[in-house]
Amino acid sequence: MTLLGRIFIGLILVLSVAFCAISVVVIANHKDWKQAGQAFQQKNQQLATNIQELQRTLDATKRDLEQEQVGRRVTLGLLQTQLDQERERLAQLTGELQKLQATNTIQTQALAATQDELARVTKENTEIKAQIVQVVKDRDDQTRKAISLQDDLNNRLVVLSSLNKQLDTIRDSATILEARNISMKNAMDRAGVKDDLADPPPSTLTGLVNAVDQKGLIEISVGQDDGLREGHELEVYRGAQYLGRIQIIRTDVDKSIGKIMNEYRRGYIQKDDRVVAKLGS
């Protein structure tokens, strides 16, 4: 067998298989057109029945819709009436609101004025409170100062009382010493003995007045260490003013007590006035 023969045989075999397959497909897809027609007719009748049922439903729905539209128109009329009433009420409420707004504006202005007045009064009240606090503080300070001054005065009165007692003692001692000096001087004169106490104080002696008694006794800042003795006489001055002369009646180491000689008084002697043995020194 030639090659061409083999090709024909193979081609015939392939075509045979293809025709067989086509035959199987045609047999598988074969339909009974009579049965198909009967089924279509049944479907058509069912559709007609459905259409009639739908028509009846549509008619009922139209009747219901017409009734609902009538009800809606009635309801709409009622709603329109209510709307008109509500509009009237709204207009009335709007007028009342405008009145309330006007009243509110007046009250707001009054409230603003009241708040301003309250702020002013609060500020004044704060200032008054501050002044009261300051017055109370000043009063307390003055009270403390008064108490302190009273205590100082009481202390000074105690010191003054003590000084007065000391001065009374000094005056008593001075009186006794003066009497003794007079008796001694008389005795020395009778005996012809020279009185060394008549010797003048050192010419360069200077001092200050420490205190002045109301009875004329004076305490000065010089004493025995400065060469001062009982019976010495010192001059007292202030600046260029001559005030008088004192006579020493008692001496201590660093201070002395003297009495004012009234016949030489030329002014009021006070604390810190200067005392000298003689003017010009």
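Per chain, residue numbering runs from 1 following the sequence as it is written. Per-residue local features of the predicted model are confined to residues with pLDDT of at least 70, and side-chain atom pairs are confined, for both listing and counting, to 80 or more; whole-chain, interface and lining totals are unaffected and use all residues. Values reported for side chains reflect all heavy atoms of the structure, with hydrogen atoms and water molecules removed beforehand.

Glancing now at the overall build of the protein chain. Strands are runs of DSSP state E lasting at least 2 residues, helices are runs of H or I lasting at least 4, and numbering of each runs from the N terminus. Within the protein chain, the secondary structure is distributed over two helices and six strands. Helices and strands appear in the protein chain in the N-to-C order α-α-β-β-β-β-β-β. Think of it in three bands: residues with accessible area under 20% of the maximum for their type are buried, residues over 50% are exposed, and the middle band is partly exposed, with areas taken using a 1.4 Å probe on protein chains only. When burial is assessed residue by residue, the protein chain has 15% of its 281 residues classed as buried. A sequence separation of at least 24 residues applies to 59% of the contacts in the protein chain between residues at least 6 apart. The protein chains shown are the only cover counted for residues, whose accessible areas, like all others here, come from Shrake-Rupley with a 1.4 Å probe. Taken as a whole, the protein chain presents about 22100 Å² of accessible surface, with 58% of it coming from carbon and sulfur. By definition in these notes, contact holds between two residues if any of their heavy atoms fall within 4.5 Å.

Backbone geometry places D272, a non-glycine residue, at a positive phi of 80 degrees. Within the secondary structure, D272 is located in the loop between β5 (256–261) and β6 (274–276).

We now examine the side chain of S256. Here S256 is to be found in strand β5. Each polar contact in these results corresponds to two N or O atoms within 3.5 Å; when the atoms are within protein, one needs to be able to donate a hydrogen and the other to accept it, and residues that are neighboring in sequence are counted only if both atoms are side-chain atoms. Within polar-contact distance, the side chain of S256 engages the backbone oxygen of V222 at 2.7 Å. When residues no more than four places from it in sequence are discounted, the contact partners of S256 are I218, E219, I220, V222, G223, L228, I248, R250 and T251.

Our focus in this paragraph is the pattern of salt bridges. Every case where a carboxyl oxygen of Asp or Glu lies within 4 Å of a side-chain nitrogen of Lys or Arg is listed as a salt bridge. Counted by the stated rule, this structure contains eleven salt bridges. A salt bridge links R120 to E124, with the shortest nitrogen-to-oxygen separation between them at 2.5 Å. In this pair, R120 and E124 both sit in helix α2 (residues 33–191), four residues apart, roughly one turn of the helix. Residue class for E124 comes out partly exposed when judged on its relative accessible area of 36%. Here D141 makes a salt bridge to K137, at a shortest N to O gap of 3.3 Å. Placement of both D141 and K137 in helix α2 is noted, with a separation of four residues, approximately one turn of the helix. Take D141: its relative accessible area is 19%, and that puts it in the buried class.

What follows deals with the nonpolar core. Within the largest apolar cluster, 15 residues are counted, with the highest numbers of intra-cluster contacts made by I218, I220, L228, L234, V236, I246 and I269. Contributions of two or more residues to this core are made by β2 (217–220), β3 (233–238) and β4 (241–251). When residues in this core are grouped by element, the largest group, three residues, is from β4. Beyond its immediate stretch of four places on either side in the chain, V236 contacts V209, Y242, L243, G244, I246, I269, D273, R274 and V275. Nonpolar cores were defined as sets of buried Ala, Val, Leu, Ile, Met, Phe, Trp, Tyr and Cys residues, with membership established by side-chain atoms within 4.5 Å.

Within the secondary structure layout, T251 lies in strand β4. For T251, the side chain forms a polar contact with the side chain of E230, separated by 3.4 Å. Apart from the residues lying within four places of it in its own chain, the contact partners of T251 are Q224, L228, R229, E230 and S256.

This brings us to the packing of aromatic side chains. Two numbers describe a pair of aromatic rings. These are the distance of the centres and the angle of the planes. Here is the rule: rings of Phe, Tyr and Trp (six-membered ring for Trp) pair when centre to centre is within 6.5 Å. Planes less than 30 degrees apart are stacked, more than 60 are edge-to-face, and the remainder are tilted. Enumeration over the complete set of coordinates arrives at zero aromatic pairs. It is R245 that lies over the ring of Y264; its NZ or CZ is 3.9 Å from the centre. In this scheme, the term charge over a ring applies when either NZ of a lysine or CZ of an arginine sits within 6 Å of the ring centre and within 35 degrees of the ring normal.

The next subject is a nonpolar patch on the surface. Residues enter a patch when their relative accessible area is above 30% and they make no salt bridge; the linking distance is 9 Å between like charges and 5 Å between nonpolar side chains (Val, Leu, Ile, Met, Phe, Trp, Tyr). A cluster of nonpolar side chains, contributed by F8, L11, I12, L15, F19 and I22, occupies part of the molecular surface with about 630 Å² of accessible area. Along the chain, the position of L15 falls in helix α1 (residues 3–28). Overall, L15 belongs to the partly exposed group, its relative accessible area being 44%.

These results come straight from atomic positions and should not be treated as a statement about function.
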